[in-house]
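What follows is each chain in one-letter form.
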Amino acid sequence: AREKAKEIMTKREEEFNIEKLRMVESGKAKIREEYERKEKEIEVKKRIDQSNHVREARLSILAERERALGMLKDEAQKRIGALIQSKKYPALLESLIAEGLIRLEGTAVNVRGVEGQANQVEKALAGAVK
């Protein structure tokens, strides 16, 4: 009877150890899965952050470029305004019209000037045609 009891106890212990090992392995697998999931989340977050950083850098560059172009446009408008008022403007206008006529080589051309400069354009056109 003692041997039978000892045998039963040994069998129960073995079953308990097997069940305990199965539960431990199951717990380890769950922990591994959770760790892998969190690792993937971190990787995705890193990629999103990196993408946002690159996008912000591009937007910053575009904003700076836009600002520089605006400044360039303002400076050009100031210089053109000063050029129109200078004594060199009629000669420049004539040479620009002549250059355009040469490039178009005999094509019928309509020359239009800026509003308020019709007289200057007509004089420059007459000089450029000669």
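Quick note: structure is the one above.
Just so you know, the residues in each chain are numbered from 1, in the order the chain's sequence is written. For this predicted model, a pLDDT threshold of at least 70 governs which residues receive local features, and a threshold of 80 or more governs which side-chain atom pairs are given and counted, while totals over whole chains, interfaces and linings are taken from all residues. Side-chain calculation: all heavy atoms of the structure are included, whereas hydrogens and water are not.

## A few points about the overall build of the chain
For clarity, the threshold we go by: Every helix listed is a DSSP run of H or I at least four residues long, and every strand listed is a run of E at least two residues long, numbered separately from the N terminus. For a compact globule the rule gives 2.2 Å times the number of residues to the power 0.38, and the radius of gyration it is set against comes from C-alpha atoms. All accessibility values rest on the Shrake-Rupley procedure with a 1.4 Å probe; residue burial counts only the protein chains present in the view. Positive charges are assigned to Lys and Arg, negative charges to Asp and Glu, while His and the chain termini are left out of the count. The atoms used to mark charge sites are NZ of Lys, CZ of Arg, CG of Asp and CD of Glu.
Each helix and strand in the chain was counted, giving 3 helices and 0 strands. In the chain, the succession of α and β elements from N to C terminus is α-α-α. For the chain, whose C-alpha radius of gyration is 43 Å, the value lies well above the compact-globule estimate of 14 Å for 130 residues. Dimensions of the chain along its principal axes, counting C-alpha atoms only, are 135 × 30 × 20 Å. Roughly 12,300 Å² of accessible area belongs to the chain as shown, and the carbon and sulfur atoms make up 57% of that amount. In the chain, 29 side chains carry a positive charge and 24 a negative one; their mean positions are 3 Å apart.

## Some remarks on the environment of Glu 122
Our working definition: A simple rule labels every residue: compare its accessible area, found with a 1.4 Å probe on the protein chains alone, to the largest value its type can have, and call it buried under 20%, exposed over 50%, or partly exposed in between.
Looking at the secondary structure, you find Glu 122 in helix α3 (residues 118-129). Owing to a relative accessible area of 54%, Glu 122 belongs among the exposed residues under this scheme.

## Some thoughts on α3
Using the following cut-off: One less than the residue count of a helix, multiplied by 1.5 Å, gives the span that helix is expected to have. By arc we mean the arc of the directions from the helix axis to the C-beta atoms, nothing more. Residues count as neighbours in contact if any of their non-hydrogen atoms are within 4.5 Å of one another.
The end-to-end C-alpha distance of α3 is 16 Å, a good match for the 16 Å that 12 residues give at a rise of 1.5 Å each. Along α3, the residues classified as buried are Val 121, Ala 124 and Ala 128. The buried residues of α3 occupy an angular sector of 70° when the element is viewed end-on, so they sit on one face. Turned more than 90 degrees off the buried face of α3, the exposed positions are Asn 119, Glu 122, Lys 123 and Val 129. For α3, the secondary structure elements touched by its buried residues are α2 (89-104).

## Considering the pattern of salt bridges
Put simply, the rule reads: Basic side-chain nitrogens of Lys or Arg form a salt bridge, by our definition, when they fall within 4 Å of a carboxyl oxygen of Asp or Glu.
Inspection of every chain in the model, using the stated rule, returns 10 salt bridges. As a salt-bridge pair, Arg 79 and Glu 75 come within 3.2 Å of each other at their nearest N and O atoms. Taken together, the positions of Arg 79 and Glu 75, both in helix α1 (residues 2-85) and 4 residues apart, correspond to about one turn of that helix. Classification of Arg 79 by relative accessible area gives exposed; the value is 59%. Several salt bridges share partner residues, and in doing so they unite Glu 34, Arg 37, Lys 38 and Glu 41 into one network.

## Thoughts on the packing of α2 against α3
Between two packed helices, both the angle of their axes relative to each other and the distance between the axes serve to describe the pair. Heads up, the rule is: As a rule, the C-alpha atoms of each element are fitted with a line to give its axis, helices using only the stretch in contact, and angles between N-to-C directions run from 0 to 180 degrees. Working definition: roughly parallel below 35 degrees, roughly antiparallel above 145 degrees, roughly perpendicular at 65 to 115 degrees, and oblique for all remaining angles. Left-handed describes a crossing whose near helix is turned anticlockwise from the far helix by less than a right angle; the clockwise case is right-handed. Note that Gly is not counted as nonpolar here; it falls among the polar residues with everything else outside the nonpolar set of Ala, Val, Leu, Ile, Met, Phe, Trp, Tyr, Cys and Pro and the charged set of Asp, Glu, Lys and Arg.
In the contact formed by α2 and α3, the axes pass within 8 Å of each other and the chain directions differ by 55°. As summarised for this structure, α2 and α3 are arranged oblique, according to the angle between their axes. For α2 against α3, the interelement crossing comes out right-handed. Along its contact with α2, which presents Tyr 89, Pro 90, Leu 93, Glu 94, Ile 97, Ala 98 and Leu 101, the element α3 presents Gln 120, Val 121, Ala 124, Leu 125, Gly 127, Ala 128 and Val 129. Residues belonging to the contact of α2 with α3 are distributed by class as follows: 11 nonpolar, 2 polar and 1 charged.

## Considerations on the environment of Ala 91
Mapped onto the elements of the fold, Ala 91 is located in helix α2. The exposure class assigned to Ala 91 is exposed, which follows from its relative accessible area of 52%. It is 10.0 Å that separates the C-alpha atoms of Ala 91 and Lys 123, two residues lying 32 residues apart in sequence.

Honestly, that's just the spatial picture; any functional story needs more than this.
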